[in-house]
Amino acid sequence: MFLPETILVVTALASAVLGFAWRKRPEALWAVALVGTGLASFITIDMMGLGITNALHLSLWPSPIGTRGNFTLELKMNVDAFALFFQLMFQLVALLVIIASRGFIRAEEPHQGEYYALMLLAVVGMMFTAAATDLFVLFLAFETSSLSTFALVAYRKKDRQATEASAKFFIIGAVSSGIVLFGISLIYGIAGTSSIGTTTDLILLRGPPGLTLAGHPEIEPPLIIALVFLIAGFGFKVAVVPFHMWAPDVYQGSPTTISVLLTAASKNVGIVALFRVFLIGLLNVQVDWIAALAVLGIATQTVGNIVAIPQRSVKRMLAYSSIAQAGYILIAIPVGAVAVQSTAPGDRASTVAIYGLVGGMLHVFVYAAMKAGAFLVVAGTESRGIADDMEAYKGLGRRMPFLAFSMTVFLLSLAGIPPLGGFFSKFVLFSSAVNAASFNQWFLALAISGVLNSALSLYYYARVIWYMYILDPEEGAQKETVPRPIEAGVFIALAIVMLTAVLAAFFLGFLTDAARGFFGF
Amino acid sequence: MEYELLLSGALLCIGLYGVLARRNGIIVLMSIEIILNASILNFVAFSSYSGNPSGQIFALLGIAVAAAEAAVGLAVFLSIYQTHGSIELDKIRFLKW
């Protein structure tokens with residue numbers, strides 16, 4: 001059941017070792033990484049029951065969904081549909097990054113074997129995070145992915161900006177994981193006072209009987225501290241607003257392909273951890289973390305969008321917009337929690353909770369494609385020596401027509417313009433918040449804030465489009481060719497964003513089952 | 001039990017203070033290790049108090065994570081030293097914080 005992970009680990013180790021032998025042949029290393037990731041994601045799609053072999057009734061890889069992938073007792077992991085969906089998303093992002101790296105990392109740059117090895121190991125850590133059902137296992141997987149990304153940011157170790165970004169990322173990331181571990185240790189002890197005994201198992205914490213305040217009012221203060229630490233620690237990873245200051249610096253300073261990995265995959269690790277921890281483990285804790293997460297979500301959207309407006313660097317602008325997008329995804333957590341908590345799990349409550357989680361998952365997927373695509377466009381322009389400054393994008397529509405067109409599509413989709421992917425996922429997400437308002441009317445505020453913020457964000461997205469198409473290029477600037485691999489990566493992301501409506505029709509049943517299995521209805 | 005928790009709380013505060021207030025990269029790294037050790041102490045204390053050995057396994061794994069983090073951190077600060085000639089973090093201000 002861990003075949004894709006095994007393949008990725010083997011590929012990573014092979015790439016690290018072959019890096020020494022093939023120092024002069026980076027294209028061979030690239031091919032190894034590409035084949036490994038492609039094979040792993042193909043098998044993952046197959047395990048989800050959506051692949052070609054399933055359509056032909058070959059079923060080479062039996063689906064782990066249900067009992068076969070349930071290693072809750074031995075390994076504290078459960079490869080359910082929810083986990084498989086996120087694993088596929090992480091692998092697709094890695095695939096895009098690897099494809100584009102061929103055009104972005106120059107052939108003479110050293111240490112390319114380690115570059116691919118660290119990237120694949122980071123992806124393996126992310127995939128295990130999605131499957132973990134125990135707080136401590138989740139922490140270990142989370143750390144695996146973090147440690148690899150710290151090193152990846154400093155891949156160009158002679159570059160002053162990259163090493164500085166790496167130092168900031170390391171300090172923030174290490175402190176946040178320390179805080180998460182402290183929160184987990186408190187939960188471990190607090191669980192000991194209740195009937196379930198000292199444990200960090202999310203399913204035992206959820207109960208019944210589970211970890212509740214009923215009969216133990218004295219555990220409330222440490223529980224609040226533990227929840228604050230968990231929200232803060234994972235919030236750093238997701239760049240939720242009071243903890244977001246590192247994100248623009250790191251995205252701007254790191255090599256752009258690594259920015260893609262950070263914004264599209266690493267941020268979603270934090271989100272999947274929040275889903276697992278709060279919607280399974282701490283669901284029945286009677287401490288009001290739902291309001292806290294809802295307020296954080298609204299603050300994240302608003303601050304991200306407002307601070308994005310004056311930015312001159314395109315990468316920083318995209319970084320702030322990805323902070324805002326994380327705010328939209330956070331809507332799914334309070335919505336799911338309030339629906340499941342407020343009433344006995346009847347039909348309506350479960351429908352709303354499922355709807356909210358489906359919206360969150362769909363937006364995570366579309367967000368990863370949009371953001372990866374937009375950063376890959378920046379990588380494409382950078383590889384031709386165009387600075388990531390708004391001024392340098394003048395007349396890009398004539399200099400690099402395909403990249404400018406793709407950038408336009410990604411930005412419009414990020415703002416949520418109808419035929420594109422961002423519209424559908426935002427629609428599901430916001431309407432789930434409207435539905436949740438029947439349990440608690442304050443949830444209408446989540447939907448309203450989301451819609452207003454989407455409108456606000458159109459302002460700075462449209463400015464980039466204005467620079468690219470309306471303004472004339474500088475004197476002497478000519479048409480440039482873009483490296484083929486980067487164009488291929490952008491093209492795949494573009495296809496996902498434009499065809500979301502079709503893909504969603506294909507995926508929606510799977511997503512609903514995944515959400516149902518996740519909540520255990 | 002209370003004494004262990006007080007000690008681990010104190011360690012956490014010392015670590016957070018060190019990360020926020022000190023500017024030398026190595027001292028920041030040491031402070032991060034102190035934060036991790038605070039939670040490791042918590043795990044051992046809770047585990048011995050409740051008689052459930054899993055916390056001690058968590059503590060061992062936590063020490064491994066702390067060691068890996070120290071290795072990556074030292075490598076990062078080494079490359080900072082090579083490019084900037086210093087690991088005083090307030091002198092490194094190329095990107096806007």
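Below or above, wherever it landed, is the structure these notes cover. Residue numbers run consecutively from 1 along every chain, following the written order of its sequence. Throughout, the order in which chains and ligands are written sets their labels, letters from A for the former and numbers from 1 for the latter. Side-chain atom pairs in this predicted model are given and counted only at pLDDT of 80 or more, local residue features only at pLDDT of at least 70, and totals for whole chains, interfaces and linings cover all residues. In computing side-chain properties, one takes all heavy atoms of the structure into account and sets aside hydrogens as well as water.

What follows is about the overall build of chain A. We count a stretch as a helix when DSSP gives it H or I for four or more residues in a row; a strand needs E for two or more, and each element gets its number in order from the N terminus. Helix and strand counts for chain A stand at 21 helices and two strands. For a compact globule the rule gives 2.2 Å times the number of residues to the power 0.38, and the radius of gyration it is set against comes from C-alpha atoms. Over its C-alpha atoms chain A spans a radius of gyration of 22 Å, differing by no more than 12% from the 24 Å that the globule rule assigns to 521 residues. Overall, chain A is about 75 × 50 × 50 Å in size when its C-alpha atoms are taken along their principal axes. Every one of the 521 residues in chain A was classed for burial, and the buried ones make up 65%. Between two residues, a contact is recorded if the distance between any of their heavy atoms is within 4.5 Å. At a minimum sequence separation of 6, the contacts of chain A that also span at least 24 residues come to 78%. Computed by Shrake-Rupley with a 1.4 Å probe, the accessible areas treat only the displayed protein chains as cover when residues are assessed. As displayed, chain A has an accessible area near 17,100 Å², and 69% of this comes from carbon and sulfur atoms. Charged-residue counts in this description rest on Lys and Arg as positive and Asp and Glu as negative, His and the chain ends being excluded. A single reference atom marks each charge: NZ on Lys, CZ on Arg, CG on Asp, CD on Glu. A distance of 6 Å separates the average location of the 30 positive side-chain charges in chain A from that of its 28 negative side-chain charges. The rule is simple: take the accessible area with a 1.4 Å probe, protein chains only, and divide by the maximum for that residue type; under 20% is buried, over 50% is exposed, in between is partly exposed.

On to the overall build of chain B. A count of helical and extended segments in chain B gives three helices and zero strands. Sequence-ordered secondary structure for chain B, helices as α and strands as β, is α-α-α. The C-alpha atoms of chain B give a radius of gyration of 16 Å, which is well past the 13 Å a tight globule of 97 residues would have. If you line up chain B on its principal axes, its C-alpha atoms span 50 × 25 × 20 Å. Per-residue burial for chain B yields a buried fraction of 43% across its 97 residues.

We now examine the packing of aromatic side chains. Aromatic ring pairs are described here by two measures, namely the spacing of the ring centres and the angle between the planes. Residues and elements named next belong to chain A. Two rings from Phe, Tyr or Trp (for Trp, the six-membered ring) form a pair when their centres sit within 6.5 Å of each other. Planes less than 30 degrees apart are called stacked, planes more than 60 degrees apart edge-to-face, and all others tilted. Tallied over the full model, the rule gives 35 aromatic pairs over all chains. For the ring pair Phe-150 and Phe-169, a centre distance of 5.2 Å and an interplane angle of 85° mean the geometry is edge-to-face. Highlighted residues: Phe-150 in helix H6 (residues 135-153) and Phe-169 in helix H7 (residues 160-193), separated in sequence by 19 residues. No difference in accessibility class separates Phe-150 from Phe-169, as the two residues are buried. Taking the centre distance of 5.3 Å and the plane angle of 25° together, the rings of Phe-169 and Trp-246 count as stacked. A residue pair is termed long-range when its members are at least 10 positions apart, and Phe-169 in helix H7 and Trp-246 in helix H10 (residues 246-253) qualify at 77 residues. Judged by its relative accessible area of 5%, Trp-246 is buried. Taken together, the ring pairs connect Phe-82, Phe-85, Phe-86, Phe-90, Phe-275, Phe-365, Phe-507, Phe-510, Phe-518 and Phe-519 into an aromatic cluster. For Arg-102, the ring lying beneath its charged end belongs to Trp-30, and the centroid distance is 5.7 Å. By definition, being over a ring means that NZ of Lys or CZ of Arg is both within 6 Å of the ring centre and within 35 degrees of the ring normal. It is Lys-237 that lies over the ring of Phe-142; its NZ or CZ is 5.4 Å from the centre.

Geometry is summarised by axes, namely lines fitted to C-alpha atoms with helices restricted to the contacting stretch, and by angles between N-to-C directions that run from 0 to 180 degrees. With their axes 10 Å apart at the nearest point, H6(A) and helix H3 (residues 54-84) of chain B run at an angle of 10° to one another. It follows that H6(A) is roughly parallel to H3(B) by the angle criterion. Here A:Phe136, A:Phe139, A:Leu140, A:Glu143, A:Leu147, A:Phe150 and A:Ala151 of H6(A) lie close against H3(B), whose contacting residues are B:Phe58, B:Leu61, B:Gly62, B:Val65, B:Ala68, B:Glu69 and B:Val72. Roughly parallel means an angle under 35 degrees; roughly antiparallel means over 145; roughly perpendicular covers 65 to 115; every other angle is labelled oblique.

Before going further, it helps to examine the interface of chain A and chain B. Counting residues at the interface gives 41 residues for chain A, matched by 40 residues for chain B. Accessible area that two parts lose when put together, with a 1.4 Å probe and added across both, is what the buried area reports. Carbon and sulfur atoms supply 76% of the area that chain A and chain B bury against each other, a total of about 3,600 Å² over both sides. Considering only the surface of chain A that becomes buried against chain B, A:Glu164, A:Phe170 and A:Tyr188 emerge as the three largest contributors, covering 18% of it. Any carboxyl oxygen of Asp or Glu that lies within 4 Å of a side-chain nitrogen of Lys or Arg is treated as forming a salt bridge with it. Seen at the junction of chain A and chain B, the total is zero salt bridges. The term polar contact refers here to a pair of N or O atoms within 3.5 Å; inside protein, the definition further demands a hydrogen-donor-capable atom paired with an acceptor-capable atom, and it admits residues adjacent in sequence only when both atoms are side-chain atoms. Our enumeration of links across chain A and chain B arrives at six residue pairs in polar contact (both at pLDDT 80 or more). Secondary structure elements with two or more residues in the side of chain A that touches chain B: H6, H7 and H10 of chain A. No other element matches H7(A), which puts 23 residues into the side of chain A that touches chain B. Gly is placed with the polar residues, together with every amino acid not listed as nonpolar (Ala, Val, Leu, Ile, Met, Phe, Trp, Tyr, Cys and Pro) or charged (Asp, Glu, Lys and Arg). When the residues that make up the side of chain A that touches chain B are grouped by side-chain class, the tally is 21 nonpolar, eleven polar and nine charged.

Grouped together as the largest cluster of nonpolar side chains are 224 residues, with contacts concentrated most on A:Phe86, A:Phe90, A:Phe275 and A:Phe278. In terms of residues, this core owes the most to one element, helix H15 (residues 347-382) of chain A, which gives 21 residues. By convention a nonpolar core is built from buried Ala, Val, Leu, Ile, Met, Phe, Trp, Tyr and Cys residues, the set being connected through side-chain atoms within 4.5 Å.

Looking now at the pattern of salt bridges. All names here are of chain A. One pass over the structure, following the stated rule, counts 15 salt bridges over all chains. Its salt-bridge partner being Asp-80, residue Arg-276 comes within 3.2 Å of it at the nearest N-O pair. Placement of the pair is Arg-276 in helix H11 (residues 256-281) and Asp-80 in the loop between strand S2 (77-78) and helix H4 (81-104), with a sequence separation of 196 residues. Look at Arg-276 and you get buried, because its relative accessible area is 2%.

Attention shifts here to the packing of H15(A) against helix H17 (residues 401-415) of chain A. Residues and elements named next belong to chain A. For the pair H15 and H17, interaxial distance at closest approach is 9 Å and the crossing angle is 150°. In this view, H15 runs roughly antiparallel relative to H17, as classed from their interaxial angle. Our pair here, H15 against H17, has a crossing hand that is left-handed. Where H15 abuts H17, its residues Ala-369, Met-370, Lys-371, Gly-373, Ala-374, Val-377, Val-378, Gly-380 and Thr-381 lie against Leu-403, Ser-406, Met-407, Phe-410, Ser-413 and Leu-414. By the definition used in this description, the sense in which the near helix is turned from the far one sets the handedness, with an anticlockwise turn below a right angle giving left-handed and a clockwise turn giving right-handed.

Here the focus is unusual backbone geometry. Residue and element names in this part refer to chain A. Notably, His-111 is not glycine yet its phi reads approximately 65°, a positive angle. Although it is not a glycine, Ala-239 sits at a positive phi angle of roughly 65°. Structurally, the position occupied by Ala-239 is in the loop between helix H9 (220-238) and H10. By relative accessible area, Ala-239 is classed as buried at 0%.

Given the number of residues in a helix, its expected span is that number minus one, multiplied by 1.5 Å. Between its terminal C-alpha atoms helix H2 (residues 26-47) of chain A stretches 32 Å, which fits the 32 Å expected from 22 residues at 1.5 Å a residue. A:Gly49 sits one or two positions beyond H2(A) and adopts a positive phi of about 80°.

All right, on to the side chain of B:Ser8 then. Along the chain, B:Ser8 falls in helix H1 (residues 2-21). Once residues lying within four places of it in the same chain are set aside, the contact partners of B:Ser8 are A:Phe182, B:Ala38, B:Leu41 and B:Asn42.

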